[in-house]
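# Breakdown of the fold
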Amino acid sequence: MKKHILLLLFTCFTMIAFGQTELRNLTVENLSNPIGIGVKTPRFSWKLVSSKRNVKQAAYEIQVKEGKNTVWASGKVASEASIFTKYAGSPLVSNAKYIWQVRVWDNQGKTSKWATASFGTALLHSNEWKATWIGSGLKSDTVNGVVPMFRKSFLANKKIASAKVYVTSRGLYEVQINGKRMGDSYLSPGWTSYDKHLQYQTYDVSNLLSEGKNAIGVLLGSGWYRSRLGWENKQNIYGKETGLLFQMVIKYADGTTETVVSDTSWKASNSHITYSEIYNGEVQDARLEQKNYSVASFDDSKWSTVVSKDFPTNYITAAINEPIRKHENLKPIAVLTSPKGETILDFGQNLAGWVKVSVQGKAGDIIKLSHVEMLDKKGTPYFENLRSAKAQAIYTLSGNGIETFEPHFTTFGFRYVKVEGITGKINPDDFTAIALYSDIKKTGAFETSNAYINKLQSNIRWSQRGNFLDVPTDCPQRDERLGWTGDAEVFSRTAAYNFNVDQFFAKWLIDVAADQKENGAVPFVIPNALKGSFFDMPVGAAGWSDASIIIPYNMYVSFGDKEVVERQYPSMKAYLNYVRGAAKNDLWNTGFQFADWLSYRVDDSKGMIGMKSAITDNYLVAQCFYAYNTEIMIKAATLLGKTDEVQEYQSLLERVKKAFQTEYMTASGKLISETQTAYILALQFDMLPENLRAQAVERLVKNIEGYEYHLTTGFLGTPFLNPVLTRFGRNDVAYKLLLQDTYPSWLYPIKAHGATTIWERWDSMKPDGTFQDPSMTSFNHYAYGAVGDWMYRTIAGIDTKEAEGAGYKSIIIKPEIGGNLTYAKGSLETNYGLVSSSWRIENNKFILDVEVPANTNATIEFPTNKIETIKENKAVLNAKTKTVGSGKYHFEMEL
Ligand code: BGC
């Protein structure tokens with residue numbers, strides 16, 4: 001085995017070294033070797049690797065086989081397309097395994113070897129579900145009751161070739177087969193708009209089964225399905241009863257198949273999880289545990305028979321996104337004692353997930369873990385910002401030696417854990433905090449010579465991890481944790497620099513469309529768990545509901561994924577129509593708005609000189625977003641070739657801008673709100689006539705100076721603050737804002753309070769160490785982390801050309817120096833391969849190393865005016881920009 005790997009590595013190495021084009025990272029629907037594809041025409045992607053420069057794909061050929069049958073042979077197709085090529089063979093069949101191969105011809109006359117990968121299909125037609133929905137039928141199986149277990153034993157009496165399970169639930173499932181956990185995903189099937197869209201997952205269980213007797217065991221928690229959601233304490237939102245839908249297809253070596261499905265032959269019992277709820281946590285009693293309940297020999301004669309349920313199956317679709325998995329493991333960095341004598345573990349990092357604990361004690365001993373994000377000034381755990389969420393894990397010991405516990409169907413947002421019930425000295429090694437989040441692949445890396453900026457980047461990334469839990473949530477700790485559209489919208493571009501979030505958002509956007517109101521308005525949270533509450537209005541809010549237009553387009557820009565725009569287009573269009581209907585004379589000035597939510601309030605800090613307010617008129621903000629939405633619709637319609645709509649939206653955009661100028665601007669270009677956000681949005685979306693932009697930039701800079709280089713922006717202004725300054729030549733100011741470390745600023749939470757995630761408010765903890773209003777003070781809210789986009793784009797200087805080369809087919813490398821940084825490095829694993837830009841300053845010399853992946857090109861813009869000093873290796877370039885093909889490049893220049 002080892003020998004083979006070595007040989008393979010050696011062959012790859014020699015081929016790349018000799019300039020051969022190689023293929024790697026073969027994916028189907030963005031996933032590598034997926035086994036449960038549910039779409040009938042999946043999309044294939046691959047990456048080219050070569051040690052040579054200027055390599056492009058000239059042609060490709062794909063072959064797909066099922067067993068010995070070739071189901072698609074594309075033939076040689078002259079095309080540069082190496083991402084998202086659609087399957088065009090004979091109809092795929094369900095529950096099958098396909099091997100696919102691709103080879104390419106490059107522009108230098110070389111042919112790659114065939115590269116091979118596989119994909120498996122799930123159930124492509126809803127009538128292939130043979131399983132029946134089952135419920136436990138137990139009285140105790142209620143929203144706050146005992147978690148039920150299910151089991152079924154069966155005989156597989158022939159040699160097994162392979163076996164797959166298709167499973168979903170109303171509630172959250174965890175499956176065991178023959179005593180072993182099935183798969184490594186958690187909180188499955190995840191969270192969707194359950195009444196309209198439910199995903200099932202596919203598992204390969206070939207290795208879990210054996211010839212002869214087998215057994216299946218399932219735990220079924222309330223999860224998001226019926227736990228209370230939102231601060232109004234509404235529970236059973238999607239229904240009172242949970243249910244399981246399970247279908248296993250076994251393929252025997254002799255070519256026959258057998259199906260084991262959920263039906264009334266299954267049995268049910270109470271489990272040892274006596275309570276499980278999203279916000280409050282979980283309670284387990286190990287004394288009640290029925291060990292080995294999922295092995296065939298277990299005696300279930302005392303178990304009751306399950307009941308069948310007539311829940312629909314026709315709206316169930318194969319999962320398209322990465323499941324939630326366990327990621328980082330953290331050990332406590334300190335065991336602390338609060339002034340009240342409480343024992344507290346400090347994991348050194350605010351995160352979302354849970355703690356795994358190993359303990360030994362007597363039967364009946366109770367261990368209680370309470371999770372908080374912060375300690376107050378005195379070192380006491382701060383519970384208030386959790387609002388009504390208890391966020392506890394409570395375990396009763398069985399007394400049988402060392403016992404290990406972790407929750408199943410809940411998560412917590414925490415850095416600190418208060419431990420109760422352990423007698424004697426605590427051994428920190430017995431506790432591990434585990435970060436749980438969607439298994440989005442890390443794609444970006446960013447680092448500079450400034451440790452605070454690096455910490456900011458780390459905090460942004462951690463807040464993304466903490467809030468990408470199948471749904472993009474606002475926060476992971478209090479009784480909220482909802483898919484707030486505004487938060488996701490402002491953060492989506494940054495998110496796409498740090499991780500590959502294409503599938504993550506594609507799945508969520510299905511719910512955006514599903515929960516959209518009849519009049520086109522998009523709810524403020526998706527899935528719309530606030531249904532029936534004050535916040536469930538048939539209106540759209542600028543920057544929030546606009547996620548329906550902005551995010552699909554951002555996915556196209558970042559990943560070259562045109563299909564997501566195609567799929568969402570009707571929803572995007574319906575939303576814009578809603579806004580048009582809400583607007584009078586092209587002015588969106590009616591209805592509820594969050595506007596520049598959580599902007600800095602000037603009254604909070606009397607000492608600041610200059611400007612009077614940081615609060616921007618709600619409808620001025622809305623009008624800018626009206627223009628932003630319309631502009632994206634022009635681009636989306638252009639992309640999809642909808643020429644009539646392009647024209648319609650173009651003239652709408654002109655009218656929207658005119659209406660803005662008449663309503664919110666004086667003749668000299670002063671805005672009715674003299675705030676940072678007003679000028680930022682007006683400049684970002686070209687709301688002002690060209691001749692009035694320079695003065696607007698001056699007003700903006702003056703305002704910032706008036707606040708002694710502090711930002712005063714809220715959720716909607718913040719993402720564009722630095723981009724606007726950079727675009728209009730005031731990078732110096734942008735860097736000053738980035739490096740500002742007193743309140744309000746990005747670095748204040750880090751410098752003053754050692755923050756490890758992004759906070760909801762600029763002063764979630766105030767300069768004096770007290771907390772902001774506990775009714776809304778989260779320490780893990782990614783919205784203000786939207787500056788991450790600017791950091792990658794401007795400091796490292798990595799961007800994609802939107803029009804000619806979305807998804808980094810055409811790259812821009814344009815680092816902008818400043819802030820006394822002496823180096824910065826950024827890299828991004830794009831759908832074409834690794835783009836990197838790394839620079840350093842040595843003795844007033846600027847040294848830049850760039851990597852451009854095969855099948856792309858990049859335009860590099862150098863940050864010096866001394867163009868005669870710009871050299872590539874030793875050769876003088878004498879130009880401010882250079883467009884290059886793939887390869888590695890080294891430049892030096894004087895500043
Ligand atoms: C959430 C947000 C959200 C806001 C809108 C808050 O409670 O945490 O981040 O966007 O409400 O009102």
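Residues numbered from 1 in each chain as written. Predicted model: local features only at pLDDT ≥ 70, side-chain atom pairs only at ≥ 80, totals over all residues. Heavy atoms only, no water.

What follows is about the packing of aromatic side chains. What the rule picks out here adds up to 68 aromatic pairs. Over the aromatic face of Trp-133 sits the side chain of Arg-170, whose NZ or CZ is 5.8 Å from the ring centroid. (Phe/Tyr/Trp six-rings, centres within 6.5 Å; stacked < 30°, edge-to-face > 60°. Lys NZ or Arg CZ within 6 Å of the ring centre and 35° of its normal.)

Time to look at the pattern of salt bridges. Evaluated as defined, the whole model comprises 54 salt bridges. Where Lys-234 meets Glu-232, a salt bridge forms, and the shortest distance between an N and an O atom there is 3.6 Å. Between Glu-480 and Arg-387 there is a salt bridge, and its shortest N-O distance comes to 2.7 Å. Note that Glu-480 is positioned in the loop between β35 (471-472) and α4 (485-498) and Arg-387 in the loop between β27 (366-372) and β28 (392-396), a separation of 93 residues in sequence. (Salt bridge = Lys/Arg side-chain N within 4 Å of Asp/Glu carboxyl O. Helix = DSSP H or I, 4+ residues; strand = E, 2+ residues; numbered from the N terminus.)

Here the focus is the sheet that holds strand β18 (residues 267-270). Judged by pairing direction, the sheet is antiparallel, and its six strands sit side by side in the order β13-β12-β15-β10-β18-β21 without closing on themselves. Single-partner strands in this sheet number two, and they are β13 (180-181) and β21 (304-305). Of the pairings in the sheet, the one linking strand β10 (residues 148-156) to β18 comprises four bridges and is antiparallel in character. Residue pairing across strands places Pro-148 opposite Asn-270, the latter belonging to β18. (Pairing = 2+ DSSP bridges.)

So, about the site of the ligand. Close to the ligand lie Asp-474, Arg-478, Glu-480, Trp-484, Asp-487, Trp-544, Phe-594, Trp-597, Phe-715, Glu-760, Met-776 and His-781. Between the ligand and the protein, one listed contact pairs an oxygen atom with a side-chain N or O atom of His-781 at 2.9 Å. If the ligand stood free it would expose 310 Å²; the protein chains cover 96% of that surface. Of the residues in the shell around the ligand, the class split is six nonpolar, one polar and five charged. (Near = heavy atom within 4 Å. Polar contact = N/O pair within 3.5 Å; in protein donor to acceptor, adjacent residues only side chain to side chain. Areas by Shrake-Rupley, 256 points an atom, 1.4 Å probe, with all protein chains shown as cover. Nonpolar A, V, L, I, M, F, W, Y, C, P; charged D, E, K, R; others polar.)

Time to look at unusual backbone geometry. A cis amide bond links Ser-188 with the next residue in sequence, Pro-189, at an omega value of 10 degrees. Among the structural elements, Pro-189 can be located in the loop between β13 and β14 (198-204). In this structure, Pro-527 follows Ile-526 across a cis peptide bond, with omega equal to -10 degrees. Residue position: Pro-527 is located in the loop between α5 (502-515) and α6 (547-559). For Ala-391, which is not glycine, the phi dihedral falls at a positive 50 degrees. Within the secondary structure, Ala-391 is located in the loop between β27 and β28. Residue classification places Ala-391 among the buried residues on the basis of a relative accessible area of 3%. The backbone of Asn-855 sits at a positive phi, close to 70 degrees, despite the residue not being glycine. (Buried < 20%, exposed > 50% of the residue type's maximum accessible area, 1.4 Å probe, protein only.)

Bridging between β18 and β21 involves two bridges; their strand directions are antiparallel. When the sheet's bridge partners are listed, Lys-267 is paired in β21 with Thr-305.

What follows concerns the domain arrangement of the chain. Each domain of the chain was delimited in the assignment, giving domain 1 (2-114), domain 2 (126-321), domain 3 (326-438), domain 4 (444-796) and domain 5 (806-894). The C-alpha centroid of domain 3 is placed 47 Å from the C-alpha centroid of domain 1. (Domains from an automatic or database assignment.)

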